[in-house]
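Per-entry structural report
Okay, here's what each chain looks like letter by letter:
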Amino acid sequence: PVFSAQQLKGTFDELKGKPVFPHYTQKAPGAQRYTWSLVVPDQWTSGFFPGLLWQMYNWTGDAAWRKRAEQYTTPLRHQSKHHDL
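In short, a report on the structure. (Residues numbered from 1 in each chain as written. Predicted model: local features only at pLDDT ≥ 70, side-chain atom pairs only at ≥ 80, totals over all residues. Heavy atoms only, no water.)

On to the overall build of the protein chain, then. Regarding its fold elements, the protein chain presents 3 helices and 2 strands. Reading the protein chain from its N end, one meets helices and strands in the order α-β-β-α-α. Seen along its three principal axes, the alpha-carbon backbone of the protein chain occupies a region of about 40 × 35 × 20 Å. Sorting the 85 residues of the protein chain into buried and exposed places 26% on the buried side. When the accessible surface of the protein chain is summed, it comes to about 6000 Å², and 55% of that surface belongs to carbon and sulfur atoms. Looking at the protein chain, you have 10 positive and 6 negative side-chain charges, and the mean spots of the two groups are 5 Å apart. (Helix = DSSP H or I, 4+ residues; strand = E, 2+ residues; numbered from the N terminus. Buried < 20%, exposed > 50% of the residue type's maximum accessible area, 1.4 Å probe, protein only. Areas by Shrake-Rupley, 256 points an atom, 1.4 Å probe, with all protein chains shown as cover. Lys, Arg positive; Asp, Glu negative; His and termini not counted. Charge placed at Lys NZ, Arg CZ, Asp CG, Glu CD.)

Okay, structure coming up:
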């Protein structure tokens, strides 16, 4: 659980509040580390990241996780293009 929180917080910090969502990681040839491929809110996977933030809030009860989850849930409120919503 602590490792998951560290990874999730690291991803949140890396996004810097931009309205983009993690999709998958990739490593460029010769690169030292993996980076996120990002998607906009209308992609079918964009709800996964906010869902993880909500799960971390449910697990910890920490208001900081709730605030992060709300920040990344808000851009999804008007999405209705996909059957997954």
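There's more to say after this.
Here we come to the packing of helix H2 (residues 48–60) against helix H3 (residues 63–73). Two elements in contact, H2 and H3, have axes whose closest approach is 8 Å; the angle formed by their N-to-C orientations is 160°. Between H2 and H3, the angle is such that the two are roughly antiparallel. The handedness of the crossing between H2 and H3 is left-handed. Note on element contacts: H3 touches H2 through Ala63, Trp65, Arg66, Arg68, Ala69, Glu70, Tyr72 and Thr73, opposite Phe49, Pro50, Leu53, Trp54, Met56, Tyr57 and Thr60. (Axes fitted to C-alpha atoms, helices over the stretch in contact; angles between N-to-C directions. Parallel < 35°, antiparallel > 145°, perpendicular 65-115°, else oblique. Left-handed = near helix turned anticlockwise from the far one by under 90°. Contact = heavy atoms within 4.5 Å.)

Scanning all chains against the criterion turns up 3 salt bridges. Between arginine 66 and glutamate 70 there is a salt bridge whose closest N-O contact spans 2.9 Å. Residue arginine 66 and its partner glutamate 70 are both found in helix H3; the two are separated by 4 residues, about one turn of the helix. Glutamate 70 sits in the partly exposed class, given a relative accessible area of 31%. (Salt bridge = Lys/Arg side-chain N within 4 Å of Asp/Glu carboxyl O.)

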